[in-house]
Amino acid sequence: AALPGPSPADWAQAPLDPAVRAVLVGFDEHFSYAKLCQALRYLLRGGPDCLLVGTNRDHRLPLEGGTAIPGTGCLVKAVETAAQREAFIIGKPNRYMFDCVVSEFNIDPARTIMVGDRLDTDILMGNSCGLTTLLTLTGVTTLDEVKGHQESDCPARQSLVPDYYVDSIADLLPALGD
Amino acid sequence: REGCGGGGMASCRRLSGAGLREVLGPAQGLLFDCDGVLWAGERAVPGAPELLERLRRSGKAALFVSNNSRRSVAELERRFSRLGFRGVRAEHVFSSALCSALFLRQRLLGGGGDGGNGTGGGRVFVLGGEGLRGEVRDAGLRLAGEGEPAAGAAEPVRAVLVGYDDQFTFAKLAQACGYLRDPQCLLVATDPDPWHPLSDGQRTPGTGSLTAAVETASGRKALVVGKPNTYMFDCIVERFGVDPSRTLMVGDRLETDILFGKNCGLSTILTLTGVSRLEEAQAYMASDSAAAKDLVPNYYVDSIADLIPGLDE
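Values in this document were obtained by computation on a predicted structure and should not be read as measured data.

What counts, and at which threshold
- Here, residues in each chain are numbered from 1, in the same order as that chain's written sequence.
- For naming, the first written chain is A and the first written ligand is 1, with later ones following in the order written.
- Since the coordinates come from a predicted model, pLDDT governs what is reported: local features require at least 70, and pairs of side-chain atoms require 80 or more to be given and counted, while whole-chain, interface and lining totals use all residues.
- Neither water nor hydrogens contribute to the side-chain values; these are computed over all heavy atoms in the structure.
- Secondary structure counts use DSSP, requiring at least four H or I residues in a row for a helix and at least two E residues in a row for a strand, with both numbered from the N terminus.
- We compute the radius of gyration over the C-alpha atoms and compare it with the globule rule, which gives 2.2 Å times the number of residues raised to the power 0.38.
- The rule is simple: take the accessible area with a 1.4 Å probe, protein chains only, and divide by the maximum for that residue type; under 20% is buried, over 50% is exposed, in between is partly exposed.
- Here a residue-residue contact requires only that any non-hydrogen atoms of the pair lie within 4.5 Å.
- Throughout, the Shrake-Rupley method with a 1.4 Å probe supplies accessible areas, and for residues the shown protein chains are the sole cover considered.
- Neither His nor the chain termini are counted; the positive set is Lys and Arg, and the negative set is Asp and Glu.
- The location of each charge is read from NZ of Lys, CZ of Arg, CG of Asp or CD of Glu.
- Here the buried area means the combined drop in accessible surface, using a 1.4 Å probe, for two parts upon being joined, counting both sides.
- Note on definitions: salt bridges are taken to be side-chain nitrogens of Lys or Arg within 4 Å of carboxyl oxygens of Asp or Glu.
- Here a polar contact means two N or O atoms within 3.5 Å. Within protein one must be a hydrogen donor candidate and the other an acceptor candidate, and residues neighboring in sequence count only if both atoms are side-chain atoms.
- Only Asp, Glu, Lys and Arg are considered charged in this grouping, and only Ala, Val, Leu, Ile, Met, Phe, Trp, Tyr, Cys and Pro are considered nonpolar; every other residue, Gly among them, is considered polar.
- When DSSP finds at least two bridges between two strands, those strands are taken to pair.
- Handedness is read with the strands pointing away from the viewer; a crossover is right-handed when the path from the first strand over the helix to the second is clockwise.
- Arc definition: it is the arc formed by the directions from the helix axis to the C-beta atoms.
- Only residues above 30% relative accessible area that lack a salt bridge enter a patch, with like-charged residues linked at up to 9 Å and the nonpolar side chains Val, Leu, Ile, Met, Phe, Trp and Tyr linked at up to 5 Å.
- The domain boundaries here were taken from an automatic or database domain assignment.
- UniProt positions are given in the numbering used here, feature names are shortened, and annotations may be inferred rather than shown by experiment.
- The axes used here are C-alpha line fits, helices contributing only the stretch in contact, and every angle between their N-to-C directions lies in the interval 0 to 180 degrees.
- By convention a nonpolar core is built from buried Ala, Val, Leu, Ile, Met, Phe, Trp, Tyr and Cys residues, the set being connected through side-chain atoms within 4.5 Å.
- Within a predicted model, pLDDT stands for the predictor's per-residue confidence, ranging from 0 to 100.

### Description of the overall build of chain A
For chain A, the count of helices and strands is seven helices and eight strands. Computed over its C-alpha atoms, the radius of gyration of chain A comes to 20 Å, more than 25% above the 16 Å expected for a compact globule of 178 residues. Viewed in the frame of its principal axes, chain A has a C-alpha envelope of about 65 × 40 × 40 Å. Counting every position in chain A, which comprises 178 residues, the buried fraction comes to 36%. Sequence separation of 24 or more characterises 57% of the internal contacts of chain A that already satisfy a separation of 6 or more. Accessible area for chain A stands at about 10300 Å²; split by element, carbon and sulfur atoms hold 56% of it. Taken together, the 14 basic and 23 acidic charged side chains of chain A have centroids lying 8 Å from each other.

### Some details on the interface of chain B and chain A
Listed by partner, the interface residues are 27 residues for chain B and 30 residues for chain A. Summing the contributions of chain B and of chain A, the shared interface buries around 2300 Å²; its carbon and sulfur component is 66%. Broken down residue by residue, the surface that chain B buries against chain A is led by Phe 170, Pro 205 and Thr 216 of chain B, which jointly contribute 28%. Linking chain B to chain A there are zero salt bridges. In this assembly, chain B and chain A are joined by nine residue pairs in polar contact (both at pLDDT 80 or more). Looking at the side of chain B that touches chain A, the elements that each hand over two or more residues are helix 6 (170-180), strand 12 (203-205) and helix 7 (207-218) of chain B. The greatest single-element share of the side of chain B that touches chain A, amounting to eight residues, is contributed by helix 7 of chain B. Looking at the side of chain B that touches chain A residue by residue, the class counts come to 14 nonpolar, eight polar and five charged.

### A few points about the pairing of strand 14 (residues 247-251) of chain B
Residues in a regular strand project their side chains so that they alternate between the two faces of the sheet. All names here are of chain B. For strand 14, a buried count of five out of five residues is recorded, marking the element as mostly surrounded by other parts of the structure. Taking every second residue as pointing to the same face, both faces of strand 14 are buried, with Thr 247, Met 249 and Gly 251 on one and Leu 248 and Val 250 on the other. The sheet contact formed by strand 2 (residues 29-32) and strand 14 spans four bridges and is parallel. Across the sheet, the residue bridging to Phe 32 is Val 250, located in strand 14. As paired strands, strand 14 and strand 15 (residues 267-271) are joined by four bridges and run parallel to one another. Pairing of Gly 251 across the sheet is with Leu 270, part of strand 15. For the crossover from strand 14 across helix 9 (residues 254-264) to strand 15, the handedness is right-handed.

### So, helix 2 (residues 48-57) of chain B
Residue and element names in this part refer to chain B. Of all the residues in helix 2, the buried ones are Ala 48, Leu 51, Leu 52, Arg 54 and Leu 55. Each buried residue of helix 2 lies within a common arc of 160 degrees when the element is viewed along its axis, so the set occupies one face. Opposite the buried face of helix 2, at more than 90 degrees from it, the exposed residues are Arg 56 and Arg 57. Where the residues of helix 2 are buried, they touch strand 2 and strand 5 (61-66). Count one or two residues on from helix 2 and you reach Gly 59, which has phi positive near 75 degrees.

### Re a nonpolar patch on the surface
Together, Ile 113, Val 115, Ile 169 and Leu 172 of chain A make up a nonpolar patch on the protein surface, roughly 330 Å² of accessible area in all. For Ile 169 of chain A, the position within the fold is in the segment after strand 8 (164-166).

### Observations concerning the domain arrangement of chain A
For chain A, the domain assignment lists domain 1 (20-87) and domain 2 (107-171). Here the C-alpha centroids of domain 1 of chain A and domain 2 of chain A sit 27 Å apart.

### A few points about the UniProt feature "active site" (unreviewed entry) in chain B
All names here are of chain B. In this structure's numbering, the residues bearing the UniProt feature "active site" (unreviewed entry) are Asp 33 and Asp 35. Within the fold, Asp 33 resides in the loop between strand 2 and strand 3 (39-40). Ignoring any residue separated from it by four or fewer positions in sequence, one finds Asp 35 in contact with Ser 66, Asn 68 and Asp 252. At 2.9 Å, the side chain of Asp 35 and the side chain of Trp 39 are in polar contact.

### Some words on the sheet that holds strand 8 (residues 142-143) of chain B
Strand-to-strand pairing in sheets goes through backbone hydrogen bonds, with the strands running parallel or antiparallel. All names here are of chain B. Taken together, five strands build an open sheet; the order of strands is 8-7-9-10-13 and the sheet is parallel. At either margin of the open sheet sits one strand with a lone partner, and together these are strand 8 and strand 13 (223-224). In this fold helix 4 (residues 96-109) packs onto strand 7 (123-127), strand 9 (157-162), strand 10 (186-189) and strand 13, with an angle of close to 160 degrees to the strand it touches most, strand 10. Seen against the sheet, helix 5 (residues 130-138) touches strand 7, strand 8 and strand 9 and runs at an angle of roughly 165 degrees to strand 7.

### With respect to the nonpolar core
Residues and elements named next belong to chain B. Formed by 70 residues in total, the largest nonpolar core has its most connected members in Phe 32, Phe 64, Phe 85 and Leu 307. Looking at this core, the element that brings in the most residues is helix 4, giving nine residues. If we ignore the near neighbours within four places in the chain, the residues touching Phe 85 are Leu 38, Trp 39, Ala 44, Ala 48, Pro 49, Leu 52 and Phe 80.

### Considerations on the domain arrangement of chain B
Residue and element names in this part refer to chain B. Domains assigned within chain B are domain 1 (13-67 + 228-310) and domain 2 (98-111 + 119-147 + 154-224). With centres defined by C-alpha atoms, the gap from domain 1 to domain 2 works out at 28 Å. Each partner contributes to the interface: domain 1 provides ten residues, whereas domain 2 provides 13 residues. Across the interface of domain 1 and domain 2, roughly 980 Å² is buried in total on both sides, 58% from carbon and sulfur atoms. Contact with domain 2 buries surface across domain 1, with Asn 67, Tyr 231 and Arg 253 losing the most and accounting together for 52% of the total. Along the contact surface separating domain 1 from domain 2 lie five residue pairs in polar contact (both at pLDDT 80 or more). It is helix 8 (residues 231-240) that provides the largest number of residues to the side of domain 1 that touches domain 2, a total of four residues.

### Quick look at the confidence of the model for chain B
Residues and elements named next belong to chain B. When the pLDDT values of chain B are averaged, the result is 93; 92% of them are 70 or greater. This stretch, residues 1-6, has a pLDDT under 50; its non-local contacts, to residues over four places away or in other chains, come to 21 contacts. Under a pLDDT of 50 for its full length, residues 113-118 has, in the predicted model, seven contacts with residues more than four places off or in other chains. Predicted complex metrics record ipTM = 0.93 and pTM = 0.93.

This is how it looks when you write it as structure tokens:
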């Protein structure tokens, strides 16, 4: 909806949709201060009756060539800071998505392998949910990073260490029958 | 009389009657926050202009220290006048916009006008409005334009400055992160405020929320110029040489103004015409946490007009 007037004091007068009961923060390349204002208004109006949900906390989205753009986590943090509230995060490493999978399919964690390239999302979720974890090195993580966590005394860092790693998931092929 | 922000916890006593004279009498000067203390929106707090006038007549200094990074000190001088405050000049006003510019001038240009390597200190990418941009320019720094490539042939960007930016966008966030990939590029924020009150009781997001986005994307921690950090007090001392043991800090926000006073060794007075409620101060006082105790003011008043009886006729 168009915002009345050019300034935040004007935007704060725009009518709020009475039916809104949740603010959902996802990846938004059109994120703006105006949207942040509106999110804050809904959260203050609703208090605990208005949910604050974030799709994930990734800091950065890597692009080809080694650069990266800001991730959803940045936008979630902006809303959380303004509202002085913590968002419920759907994505890894939180377990909600695993719970969704389990409710749809009959998963035995002891016989399920989580395969991912990120320690603080994929591997952490897998470890937290009792899955066997397999790191592939075709993505953002290097073996040196893993070694650093493995050698650390910190239990939080230890939970980032996968059970196994491969250079690429193609390396799994020989183990599978014809 | 209570200790001046040194050892021991403050006890949040109402200032009135004889206590008022005991506290104000020895004070050489007062530092005032502006929003929620002197004015709320376009309306002066009733009695505030008279208080400043009485301070002047009592020979006590009044200086102003504000986290608001929207306006230049020249605009603030006009605002004081428009709202009925007499005799306040730009040189008395320390805003986070001004102090961020002074900070960047120190860090990028050093003592003189050169970065020490002949490049003139480099450019500053500012996330903020015209008031903030003007202060940065007035400090002798050059601004990076918007929509430029992160690594161009132009002079390198040596600092990203995050202020109150109601035109903040994802694109600007991405551009800031591009500059911050250079570990030599500073990340500076004007203030940490998460939100500001609007006159109808609603809130608008503050610099703190934008800084959180930039910090998360860049993996860097910002240097925060504004209260409760003490840099703005250093600027005040450099220009006016105030004695903290004879200076009172008056503010409306416990987490910024009162903590700032504590950090600078000033006795603090909370005024209730702004953000913080008395119950919040009392909750901090009752808390077990050492950090919470630093947020308790020495004194409180319902409004700064209540200070008037403490001054000589």
